[in-house]
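Observations on the model geometry
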Amino acid sequence: MSRTVAAVATLVALLVLAGHAGSADAAGRQVRYVGIHPVPKSEGGGICYIEGPHVHVFDADKVQYRDHHGANYFVGDPVAYGYDGQRYVYKGHHPIHVNVVVGDDEPDDEYCYINGPHYHYFAPPEGPEFRVAGDAYFYVGEPPHAYIEARPAMMRINAVYQPLAYERPVVTVDAPEGWIGARAELSGPAVVVEPPRAAVVVEPPRAAVAPARAGVTVQGFIPTPSLHIGVGIGIGSPGVIVHERAPAVIVRERPVIIHERPVIVHERPVIVHERPVIIHERAKVQHDNNHRSPHDHR
Amino acid sequence: MRTLVFRLALGLALGACGKSGDGDKPGAGTGASPRDAVIDAWKAAKLGPSAMAPATVTFAKDCQAGTVGTIEVLLCSFGSPADARAAEDPGLAWVGAATGASRAHGSVLVVLADRKKADPSGRTINQLMKLAPN
């Protein structure tokens, strides 16, 4: 009997619970995400591996995420946050075809502005806009106006990654022809990053016109994720156009200012309190042996 | 009295099961409803879904709720894939203030919620969504 009653109670409770769960909790605000992304440290850190659309009750920043039809899509390097899945190496800026990555039908091209070698969890779609060299993807396409327009603001993402300590990919091969990182016209508004103890001054390279074929881009770069020095020389009919590219990253030597703190010695005066010597002279009291105390009882 | 209580329980259970809509009709030749196919896919991956109980929600008429491990699960059957897709956003209301997802897989709406915060990496939710057949 009691088991049957318990079964009925459980069933009724489940029905009630199910009905109750049907209403959303208004206390927590849902934030929409799509694709893999880091979890804020305040929420435990690490990576959220949900590839499709999903919700959390924590917010996304505006530098590492882009809006994809109302959902936050992460455009940063997930390895920096502990991602341990399949990864692909990219070097320099490139487009991300978000709809291809997340598998929906609505076209959405966003741009990654991370300088130098970095990872993503997706490979770019096959086509002429990317070329592979040294197992890294280099964007060699024609960047649209949207990329250039958003560049000054979105370059801030490099300030986010600069202090992060993680194993970054190393790309030592020469970038293929047409790589966006070597294009002078895209040197535009650069982000000036001043490392804390930089002692190296990188001067812009002098333009040198070397014998080159039409359309050849000559480039030089320091294989460091955050430094790019490029000289683009475009030779084509009718004239010769020489672009001298300003360095995308200016490293300035920061003066070291040492403030000498004066040493102040406070001499404490020594005060000697001389205690007066008080001599209490004990008065001699002669006791009269014949005097009877009141306490004496006989 | 015992018989009466038993019949009441049985009646409730059968009545709830009998609410299944068109979406729960067995697929042609498969012998299983689209919702069963989702549950079977999870079972095949040894994810061990619990028994599903009828659930009442505002955005669908034929839903069942249960758990898979620590994840709470809601499976709603619809008459068509388009109807299921249309219920994806309302399905997030069931997730509430938790990590979760609501996606149509064919004519079944799969809604998952990690209310216990036991799946911080989202791997289980991701696996459940990927295993559900379309």
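Looking now at the overall build of chain B. Along its length, chain B carries five helices and five strands. Reading the secondary structure of chain B in the N-to-C direction produces α-α-β-β-β-α-α-β-β-α. Out of the 134 residues belonging to chain B, those deemed buried represent 40%. If you take every contact in chain B between residues at least 6 apart in sequence, the share linking residues at least 24 apart comes to 49%.

What follows covers the overall build of chain A. Within chain A one finds four helices and 14 strands. Expressed as a percentage of the 298 residues in chain A, the buried residues total 29%.

Residue and element names in this part refer to chain A. With respect to topology, four strands assemble into an open sheet ordered S10-S7-S12-S11, the strand pairing being mixed. Two strands bound the open sheet, and with one partner strand each, they are strand S10 (117–120) and strand S11 (130–133). Strand-to-strand twist of the sheet, defined as the mean angle between neighbouring strand axes without regard to direction, takes the value 40°. Across four bridges, the pairing between strand S7 (residues 88–91) and S10 is antiparallel. Across the sheet, lysine 91 pairs through a bridge with proline 117, a residue of S10.

With that settled, the discussion passes to the confidence of the model for chain A. Residues and elements named next belong to chain A. Across chain A, the average pLDDT comes to 70, with 52% of residues at or above 70. Between residues 191–253, whose pLDDT stays under 50, and residues either more than four places distant or in other chains, the model counts 107 contacts. This model gives residues 291–298 a pLDDT under 50, and the stretch forms zero contacts once residues within four places in sequence are excluded.

Turning our eyes to something else, we now look at the environment of B:Ile39. All names here are of chain B. Among the secondary structure elements, isoleucine 39 is positioned in helix H2 (residues 34–44). Isoleucine 39 sits in the buried class, given 22 other C-beta atoms within 10 Å. Taking the C-alpha atoms as reference points, isoleucine 39 and methionine 52, 13 residues apart in sequence, are found 9.4 Å from one another.

Residue and element names in this part refer to chain B. Ranked by internal contacts, the top residues of the largest apolar core, which has 74 residues, are Leu74, Cys76, Leu109, Val110 and Leu112. If you tally residues by element for this core, the top one is strand S5 (residues 108–114), at six residues. Apart from residues lying up to four places away in sequence, leucine 109 is in contact with Ala60, Cys76, Phe78, Ala84, Ala87, Glu88, Gly91, Ser102 and Ala104.

Turning next to the environment of B:Leu128. Residue and element names in this part refer to chain B. Among the secondary structure elements, leucine 128 is positioned in helix H5 (residues 123–131). Placed 87 residues apart in sequence, leucine 128 and alanine 41 show a C-alpha to C-alpha distance of 8.8 Å. The contacts of leucine 128, once residues within four sequence positions are left out, are Trp42, Leu47, Val68, Ile71 and Leu112.

Residues and elements named next belong to chain B. Pro34, Arg35, Val38, Ile39 and Trp42 are the residues of H2 that are buried. The buried side chains of H2 occupy one side of the element, clustering within an arc of 150° when seen end-on. Of the surrounding elements, those touching the buried residues of H2 are strand S2 (63–68), strand S3 (71–77), strand S4 (99–105), S5 and H5.

Here we take up the pairing of strand S8 (residues 94–97) of chain A. Residue and element names in this part refer to chain A. Here S8 shows a clear split, with His94 and Ile96 buried on one side and none of Pro95 and His97 buried on the other. As paired elements, S8 and strand S9 (residues 109–112) share four bridges and run antiparallel to each other. From the neighbouring strand, histidine 94 faces S9, where its bridge partner is cysteine 112.

Turning next to the confidence of the model for chain B. All names here are of chain B. For chain B, mean pLDDT is 84; residues scoring 70 or higher make up 77% of the total. Low pLDDT (under 50) marks residues 8–25, which in the prediction has 30 contacts with non-local residues, meaning those over four places away or in another chain. Model confidence for the complex: the whole-complex pTM is 0.64, and ipTM, which rates the interface, is 0.81.

Rules and cut-offs
Numbering of residues starts from 1 in each chain and follows the order in which that chain's sequence is written. Chains carry letters from A onward and ligands carry numbers from 1 onward, assigned in written order. Given that the model is predicted, a residue must reach a pLDDT of at least 70 before its local features are reported, and side-chain atom pairs must reach 80 or more before they are shown or counted; all residues, however, enter totals for whole chains, interfaces and linings. Secondary structure elements are defined from DSSP: runs of H or I of at least 4 residues count as helices, runs of E of at least 2 residues count as strands, and each element is numbered from the N terminus. Between the buried cut of 20 or more and the exposed cut of 12 or fewer other C-beta atoms within 10 Å of a residue's own C-beta lies the partly exposed class, and all C-beta atoms are placed from the backbone. By the convention adopted here, residues are in contact when the distance between their C-beta atoms, placed from the backbone, does not exceed 7 Å. Paired strands, as defined in this entry, are two strands with at least two bridges between them according to DSSP. Here an angle of 0 to 180 degrees is reported between the N-to-C directions of two axes, which are lines fitted to C-alpha atoms, with helices fitted over the stretch in contact. The quantity called pLDDT is the predictor's confidence in a given residue, expressed from 0 to 100. By our criterion, buried Ala, Val, Leu, Ile, Met, Phe, Trp, Tyr and Cys residues that link up through C-beta atoms within 7 Å make up a nonpolar core. Working note: the arc is built from the helix axis to C-beta atom directions.

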